[in-house]
Amino acid sequence: MEGRTPACTFLRVILSRQHRTTLIRAARVSCTLCYCAVVMASGPNSYVTEAPTLPRVLHRAFQVFAHAPCLGSPRIKPSPEGAEERKRGSDTAELEGTASSAPEPSLIHEAVTDVTSQFGSGEPNIEYKWKSFAEVGRESQFLAAALLTLLPPRGVVGICGPNRSEWVITDVACCFADLVTVGLHTSWPEDELISILRGAEVTAVVCDKSLLPTFARIAEASGLKHLVCMDNSAGEVIAPSDVGLHALPALIRQQEVAAGPEGDPPRPFLAVSEENGDEMFTLIYASGTSGVPKAIMTPKARWKRDASAGIWRLEQKVIASYSALAHGMDRGLVWQNLLLGGRTGFVHPDWFFPSIRAIGPSLFFAMPHHWNDLFADFNSRLRDALAAVCM
């Protein structure tokens, strides 16, 4: 890793010095940017190549890794009154069910802990609650059954919200239900959302509670028929009379009740022996920062090939998801992790470094501009720490 740019210097600080060359390969991109890459093996697992359809691949992965932790959601753990030190590290993670919750220590985890512990007096204690593969698979299949009661075959579903478990569960559910997905950026203004929703013929949107009022306002203009809130309650949002308003947990629960205490979710995809690989799987839009958002139509065969393209040589497959899932990068990494039995923790939107420390990722991907953002955050914390010392 050569070069004297601020981002390069930042990477030198963050990464463990003695293992830096074996863990990460960083290169200078233009004059100020860096990237991170990890070596992957060539062949996918046998069940990936043997399963003829992507839903079957997913279903098999959920069975193979049933008790392993899959998706982790952050929460701020209250500290005792008067406590001067907050407990640090990943030993605060917990997991519902039988999966092991504590992430194994990694070089990135150790390096970030070492650096941020110097500037963490004002940081909260972040802990993670993990869903197992069995739970994610079951919830996504029940949600798929619920969506099929709302939408026609091959309907189009928009997904909008911060990175969280419900985003991925909805994405997987649409795969099981053979519905087309459209990732929607949270930063898009209403006029762009209306244009994209109408152009993509989206009839249902699954979104975060904070975004629900926006979609309720534009529902009529954009042709939406259903709004699904990722949270337990939609609050006091008023939608047009012809637009159905639903809560995602309630939809899953309704299907669970219908199936009975020991019932399995419907699995119509198991009856499909082959699929048309040229059919559209998802629409991925650019963020629109450089102009009008442009879409990439991704067919089923392409997504299946990319999602199962490689296996990490790292024994621990742990990633921290922070870049918008509406983009292809983080979303693709999460899907690869699903197929490989890896663990994905979602970074708290306000507390990046404490989240990374709690997740303990075994590798860390970033687009070039992310390194500059991380460096700016690090530099800001350093200035604050120095100012506190000098007071």
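Structural notes on the confidence of the model for the chain
On average, residues of the chain score 78 in pLDDT, and 72% of them reach the 70 mark or higher. When the elements of the chain are averaged for pLDDT, strand S2 (residues 33–37) gives the smallest value, 29, and strand S7 (residues 156–160) the largest, 98. Counting contacts from residues 1–44, a segment whose pLDDT is below 50, to residues more than four positions away or on other chains yields 88 contacts. Low pLDDT, under 50, characterises residues 81–102; the stretch is placed with 54 contacts to residues that sit more than four places away or in other chains.

Some thoughts on the environment of Phe346
You can see Phe346 is positioned in strand S16 (residues 343–346). The sequence separation of Phe346 and Ile359 amounts to 13 residues, and the corresponding C-alpha distance is 8.3 Å. Once residues within four sequence positions are removed from consideration, Phe346 is found in contact with Leu71, Gly72, Pro74, Tyr128, Asn163, Arg164, Ser165, Val168, Ser321, Leu325 and Ile359.

Quick notes on unusual backbone geometry
Not every positive phi belongs to a glycine, and Arg154 is a case in point at roughly 60°. Among the secondary structure elements, Arg154 is positioned in the loop between helix H6 (133–150) and S7. Its identity as a non-glycine residue notwithstanding, Glu201 has a phi of 60°, on the positive side. As for its placement among the helices and strands, Glu201 is situated in the loop between helix H8 (190–200) and strand S9 (204–207). Residue classification places Glu201 among the exposed positions, given a relative accessible area of 59%.

A few points about helix H14 (residues 368–390)
Its 23 residues place the ends of H14 34 Å apart at the C-alpha level, agreeing with the 33 Å of an ideal helix rising 1.5 Å per residue. Within H14, the full set of buried residues consists of His370, Trp371, Leu374, Phe378, Arg381 and Ala385.

A short note on H8
Every α-helical turn comprises 3.6 residues, leaving residues that sit three or four positions apart pointing alike. Among all positions of H8, only Leu193, Ile196, Leu197 and Ala200 are buried. Taken down its axis, H8 places every buried residue within 100° of arc, on the same side. Seen from the buried face of H8, the exposed residues on the opposite side, beyond 90 degrees, are Asp191, Ser195, Arg198 and Gly199. Those residues of H8 that are buried are in contact with S7, strand S8 (180–184), S9, helix H9 (212–222) and strand S12 (280–285). Looking at the residues trailing H8, positive phi occurs at Glu201, about 60°.

Topic: the side chain of Arg331
Structurally, Arg331 can be placed in helix H12 (residues 328–340). Those residues in contact with Arg331 that lie beyond four places of it in its chain are Trp167, Asp171, Thr181, Phe281, Thr282, Ile284, Trp303 and Leu325.

What to know about the pattern of salt bridges
Tallied over the full model, the rule gives 13 salt bridges. One salt bridge in this structure joins Glu190 and Arg217, with 2.7 Å as the shortest N-O distance. Here Glu190, found in helix H8, pairs with Arg217, found in helix H9; they are 27 residues apart in sequence, far enough to count as distant. Using a relative accessible area of 30% as the deciding quantity, one classes Glu190 as partly exposed.

Focus on the side chain of His348
Its location among the elements puts His348 in the loop between S16 and helix H13 (352–359). Within the structure, His348 has its side chain in polar contact with the backbone nitrogen of Asp350 (distance 3.0 Å). Setting aside its immediate chain neighbours within four residues, His348 contacts Pro74, Ile76, Ile126, Tyr128 and Ser355.

A word on the layout of surface pockets
Taken as a whole, the largest pocket holds about 900 Å³ of empty space. Along the wall of the largest pocket there are 36 residues; nearest its centre are Asn163, Tyr322, Ser323, Ala324 and Pro349. For the lining of the largest pocket, the secondary-structure elements that each account for two or more residues are strand S4 (69–77), helix H7 (165–177) and H14. The element that contributes the greatest number of residues to the lining of the largest pocket is H14, accounting for 6 residues. The residue inventory of the lining of the largest pocket, partitioned by class, reads 16 nonpolar, 15 polar and 5 charged.

Cut-offs used in this document
- Residues numbered from 1 in each chain as written.
- Predicted model: local features only at pLDDT ≥ 70, side-chain atom pairs only at ≥ 80, totals over all residues.
- Heavy atoms only, no water.
- pLDDT = per-residue confidence, 0-100.
- Helix = DSSP H or I, 4+ residues; strand = E, 2+ residues; numbered from the N terminus.
- Contact = heavy atoms within 4.5 Å.
- Buried < 20%, exposed > 50% of the residue type's maximum accessible area, 1.4 Å probe, protein only.
- Expected span 1.5 Å × (residues − 1).
- Arc of directions from axis to C-beta.
- Salt bridge = Lys/Arg side-chain N within 4 Å of Asp/Glu carboxyl O.
- Polar contact = N/O pair within 3.5 Å; in protein donor to acceptor, adjacent residues only side chain to side chain.
- 1 Å grid on protein atoms, 1.4 Å probe; cavity = no way out; pocket = protein on both sides within 12 Å on 5 of 7 lines; lining within 4 Å.
- Points joined across faces, edges and corners; volume = space filled by probe spheres on them.
- Nonpolar A, V, L, I, M, F, W, Y, C, P; charged D, E, K, R; others polar.

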